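# Structural overview for review
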Amino acid sequence: QVQLVESGGGLVQAGGSLTLSCVASGSFFSINGMGWYRQAPGKTRELVAIIGRGGSTNYADSLKGRFTISRDNAKNTVYLRMTELKPEDTALYYCFADPQVPSGGTIRTWGRGTQVTVSS
């Protein structure tokens, strides 16, 4: 079983910055893709960014230039650096990972989310 625990969310003023972290633990060989989604109240969950094991990245077009995803494979951790935050960035941010599990294959795994609130 694989668990993901996010941290780093909180309340920040518009224009400020936050860095989210997500650590994976449990039984797995390695982790392929890792990344972040977010869900604002009354809206569907949307992809924020994804990073491959080798460091390739993909971002939501609207977030390019303000958000940066990175990972530390040795620590099984993915980060999301968010800058120039706007009130519309307010959402519950979910981490996900695709670990290679002993039973074979990969299983998309989700964290419980960390709340980011941006005040105007």
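Before going into details, it helps to say that this report is about the structure given with it. (Residues numbered from 1 in each chain as written. Predicted model: local features only at pLDDT ≥ 70, side-chain atom pairs only at ≥ 80, totals over all residues. Heavy atoms only, no water.)

### Remarks on the overall build of the chain
Put simply, the rule is: Strands here mean DSSP runs of E at least two residues long; helices mean DSSP runs of H or I at least four residues long; both are numbered from the N terminus. We take the radius of gyration over the C-alpha atoms and set the globule estimate at 2.2 Å times the residue count to the 0.38 power. Buried residues are those whose accessible area, probed at 1.4 Å on protein chains only, stays under 20% of the maximum for their type, while exposed residues exceed 50% and partly exposed ones sit between those limits. Reported accessibility uses the Shrake-Rupley method at a 1.4 Å probe radius. Residues are deemed covered only where the shown protein chains occlude them. Charge convention: Lys and Arg are scored as positive, Asp and Glu as negative, and His as well as the terminal groups of each chain are ignored. One atom stands in for each charge, and that atom is NZ of Lys, CZ of Arg, CG of Asp or CD of Glu.
Scanning the chain from N- to C-terminus turns up zero helices and eleven strands. Moving toward the C terminus, one meets the helices and strands of the chain in the order β-β-β-β-β-β-β-β-β-β-β. Here the C-alpha radius of gyration of the chain, 14 Å, is about what a compact globule of 120 residues would show, namely 14 Å. Considered along the principal axes of its C-alpha atoms, the chain spans approximately 45 × 25 × 25 Å. Burial status across the chain gives 42% buried among its 120 residues. Carbon and sulfur atoms provide 48% of the accessible area of the chain, an area that totals close to 6100 Å². Placing the 12 positive and 8 negative side-chain charges of the chain at their respective mean positions leaves the two points 4 Å apart.

### Regarding the sheet that holds strand S7 (residues 67-72)
Stated precisely, the cut-off is as follows: Note on pairing: DSSP must find at least two bridges between two strands before they are called paired. What counts as an axis is a line fitted to C-alpha atoms, over the stretch in contact for a helix, and the angles between N-to-C directions run from 0 to 180 degrees.
Within the open sheet, the four strands sit side by side as S1-S3-S8-S7. Their pairing is antiparallel. A single partner strand is all that each edge strand has here, and the edge strands are strand S1 (2-7) and S7. Averaged over neighbouring strand pairs, the angle between their axes works out to 15 degrees when direction is ignored. Relative to strand S8 (residues 77-82), strand S3 (residues 18-26) is paired through six bridges, and the arrangement is antiparallel. Residue pairing for S8: Leu20 is matched across the bridge by Leu80.

### A few points about the state of the cysteines
What counts is decided by this rule: The rule for a disulfide is simple: a pair of cysteine sulfur atoms within 2.5 Å.
Counted under the stated rule, the structure contains one disulfide. Across the disulfide from Cys22 sits Cys95; the S-S distance is 2.0 Å. Judged by the sign of its S-S torsion, about -80 degrees, the cystine formed by Cys22 and Cys95 is left-handed. Residue Cys22 is found in strand S3, and its partner Cys95 is found in strand S9 (residues 91-100); the two are separated by 73 residues along the sequence. Residue class for Cys95 comes out buried when judged on its relative accessible area of 0%.

### Side note on the pattern of salt bridges
Applicable threshold: Any carboxyl oxygen of Asp or Glu that lies within 4 Å of a side-chain nitrogen of Lys or Arg is treated as forming a salt bridge with it.
Scanning the model with the defined rule gives five salt bridges in all. When the shortest N-O distance is used, the salt bridge between Lys64 and Asp61 registers 3.2 Å. The partner of Asp98 in a salt bridge is Arg108, and the shortest N-O contact between them spans 2.4 Å. With Asp98 in strand S9 and Arg108 in the loop between S9 and strand S10 (109-110), the pair connects residues that are ten residues apart, well separated along the chain. Residue classification places Arg108 among the partly exposed positions, given a relative accessible area of 38%. What emerges from the salt-bridge pattern is a single network uniting Arg38, Glu46, Arg66 and Asp89.

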